[in-house]
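# Remarks on the overall topology
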Amino acid sequence: MSILSHTNDKNDFSKGSVIQNILRLALPMTLAQLINVLYNIVDRIFIGRIPENATMALTGLGLCLPIISMVMAFANLFGMGGAPLCSIERGRGDDKEAEAIMGNSFILMFLCGLILTVLGLVFKRPMLYLFGASEQTLPYAESYVTIYLLGSLFVMIGLGMNSFINSQGFGLIGMLTVLLGAISNIILDPIFIFVLKLGVQGAAWATIISQGLSALWIVRFLTSDKAILKLKKQAFRLKRERVLAIVGLGLSGFTMSITNSTVQILYNVSLSRFGGDLYVGIMTVINSVREIVSLPVQGLTQSAQPVMGFNYGAGEYGRVKKAIRFISAVSIGYTLLAWSMVHGFPGSFIRIFNQDADLIAAGIPAMQIYYFGFFMMSLQFAGQSTFTALGRSKEAVFFSIFRKIVIVSPLILILPNLFGLGTDGIFMAEPISNFIGGLACYGTMLCTVWRELGKKQLAA
């Protein structure tokens, strides 16, 4: 048996235990996401320890998060849009179309990365003011985002194309991709920030150099004989129907990132108005903690997508249902544990990023409000991943918009003005949306996808 044939058999998700297939991808993919988060988290940890103006510098970096989310949104648009389609075509046995999808996605990322760099550099200052920057925090924010935007092409390819490595079942390679960049970032951060005394600019340089190394690694792997689906020049020719399919399915991940960016902007602007720069800094810490505690459940649900998509394409509907049951149970259990940890020890999480006494004192009650009922997010993660894995882009996009735009955004603007709630009201918007959005998303998935799978299972 050839090496390629053995690899294809190994990554045939219609065979063996569904749970084992998910876990085989989940561990490396979750570790990969954890490492990937370190790109930005490590920056914040080091910046929070700059000898002078650490809190202002950290707040300035936090103001850049909406722009970073926008870049990631476009990477998700083409990466999370193309990768599930690749899994479905692999399940159908059409590797040629799967490679064409991957090639089209790559070109879309490349072109979009160039456009975002130019537009970002032109409009960075007005955007930062719009996002809540003050005269004190603008210099730090502008210094970081200018350099970060120069590397947005690396971010696009490094984040977006890694989905195609994972979708082929190469979870370990996907983990090594981000491990390469994260280790580079951890090494370069203190050198650029403290030794070369570049401050926030040093953090940005470390990040884009590291992302560049990850992007080169990905391209090299996907053009090698080790990949099942290869990145080929003949697959770069864009086809209208294929592009629309990629964008249509990718709108879910894109919308989630864009709506996250919108919500971050509203949080920063409202907190700046009702609490000042200190509360914008607290929001930066809260976002950082959220990235960490959400990782395991995101890694699990995203690693289940190739397995569900492959089995759906192969007509193994009972295996798809088993995967949904598994990710739902584990997601609920984990988020309950995460909620108890953050609620019980908020100060410990805050001190990872900043030691300022005022920020810690105000941040503890803020975190306890923001993370109340965090376990309800598990229903959003499980439902959203199921819709995406099975190519149901309309539902996936709708529930991304519903939770963030329809629920969270209005509450951020309304609640602080009611009953003198102020900043407490702003932080309350998140838990309310978790309960309403999570129940709506998961309930709809059960009433539509679950019933459809049952009918197809009986008819098979």
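Now for a description of the structure that goes with this document. (Residues numbered from 1 in each chain as written. Predicted model: local features only at pLDDT ≥ 70, side-chain atom pairs only at ≥ 80, totals over all residues. Heavy atoms only, no water.)

Turning to the overall build of the protein chain, a few remarks are in order. When you go through the protein chain residue by residue, the secondary structure sums to 19 helices and zero strands. Taking 2.2 N^0.38 as the reference for a compact globule, 460 residues should give roughly 23 Å; the C-alpha atoms of the protein chain span a radius of gyration of 21 Å, in line with that estimate. In terms of its C-alpha atoms, the protein chain occupies a principal-axis envelope of roughly 60 × 45 × 35 Å. Counting only residues that meet the buried cut, the protein chain has 60% of its 460 residues in that class. Contacts spanning at least 24 positions in sequence make up 83% of the contacts within the protein chain whose residues lie at least 6 apart. Charge centroids of the protein chain, computed over 34 positive and 23 negative side chains, lie 8 Å from each other. (Helix = DSSP H or I, 4+ residues; strand = E, 2+ residues; numbered from the N terminus. Rg over C-alpha atoms; globule rule 2.2 N^0.38 Å. Buried < 20%, exposed > 50% of the residue type's maximum accessible area, 1.4 Å probe, protein only. Contact = heavy atoms within 4.5 Å. Lys, Arg positive; Asp, Glu negative; His and termini not counted. Charge placed at Lys NZ, Arg CZ, Asp CG, Glu CD.)

This part is about the packing of aromatic side chains. The geometry of an aromatic ring pair comes down to the distance between the two centres and the angle between the two planes. This model, assessed by the stated rule, comprises 17 aromatic pairs. With a centroid separation of 5.5 Å and 20° between ring planes, the pair formed by F106 and F236 is classed as stacked. Of this pair, F106 sits in helix α5 (residues 95–130) while F236 sits in the loop between α10 (200–222) and α11 (240–274), and the two are 130 residues apart along the sequence. Taking relative accessible area as the criterion, F106 reaches 11% and is therefore assigned buried. For the pair Y370 and Y371, a centre-to-centre distance of 5.1 Å together with 75° between the ring planes defines the contact as edge-to-face. Per residue, the accessibility class of Y370 equals that of Y371, and both read buried. (Phe/Tyr/Trp six-rings, centres within 6.5 Å; stacked < 30°, edge-to-face > 60°.)

To continue, consider the packing of helix α18 (residues 393–414) against helix α19 (residues 423–459). Interaxial distance between α18 and α19 falls to 9 Å at its minimum, and their mutual angle equals 155°. Viewed along their axes, α18 and α19 adopt a mutual orientation that is roughly antiparallel. Handedness of the α18/α19 crossing: right-handed. Contact residues: F399, F402, R403, K404, I407, V408, L411 and I412 in α18; I426, A429, E430, I432, S433, N434, I436, G437, A440, C441 and T444 in α19. Grouping the amino acids of the contact of α18 with α19 by side-chain chemistry returns twelve nonpolar, four polar and three charged. (Axes fitted to C-alpha atoms, helices over the stretch in contact; angles between N-to-C directions. Parallel < 35°, antiparallel > 145°, perpendicular 65-115°, else oblique. Left-handed = near helix turned anticlockwise from the far one by under 90°. Nonpolar A, V, L, I, M, F, W, Y, C, P; charged D, E, K, R; others polar.)

This paragraph deals with the environment of S214. Here S214 is to be found in helix α10. Note on S214: relative accessible area 2%, which makes it buried. Considered as a pair, S214 and G181 are 33 residues apart in the sequence and their alpha carbons are 5.3 Å apart. Of the polar contacts made by the side chain of S214, one reaches the backbone oxygen of T177; its length is 3.0 Å. (Polar contact = N/O pair within 3.5 Å; in protein donor to acceptor, adjacent residues only side chain to side chain.)

By the definition in use, this model includes zero disulfides. Note on C86: no disulfide assigned, nearest cysteine sulfur contributed by C112 at a separation of 19 Å. Overall, C86 belongs to the buried group, its relative accessible area being 1%. C441 carries a free sulfur, and the closest cysteine sulfur to it, the one in C447, is 12 Å from it. By relative accessible area, C441 is classed as buried at 0%. (Disulfide = S-S within 2.5 Å.)

Given a rise of 1.5 Å per residue, 19 residues ought to cover 27 Å, and the 27 Å separating the end C-alpha atoms of helix α13 (residues 295–313) matches this to within 8%. The largest bend along α13 reaches roughly 25° and is located at Q305, with the proline P306 sitting one to four residues downstream. Burial analysis of α13 places 15 of its 19 residues in the buried class, which makes it a mostly covered element. Among the residues trailing α13, G315 stands out with phi positive, at a value near 80°. (Expected span 1.5 Å × (residues − 1). Bend = angle between axes of the 7 residues up to and from the residue.)

This paragraph deals with α19. The terminal C-alpha atoms of α19 lie 54 Å apart, and with 37 residues this matches the ideal 54 Å at 1.5 Å per residue to within 8%. Taking the largest bend as the criterion, α19 deviates by roughly 35°, centred on L446.

Tallied over the full model, the rule gives eleven salt bridges. With a shortest N-O distance of 3.0 Å, E430 and R290 are connected by a salt bridge. Placement of E430 in helix α19 and of R290 in helix α12 (residues 277–293) is noted, with a sequence separation of 140 residues between them. Residue class for E430 comes out buried when judged on its relative accessible area of 0%. Between K456 and E452 there is a salt bridge, with its nearest N and O atoms 3.1 Å apart. Of this pair, K456 and E452 are both found in helix α19, four residues apart, which corresponds to roughly one turn of the helix. Given the relative accessible area of 28%, K456 is considered partly exposed. Salt bridges here are not isolated pairs; linked through shared partners, they connect R290, R403, K404 and E430. (Salt bridge = Lys/Arg side-chain N within 4 Å of Asp/Glu carboxyl O.)

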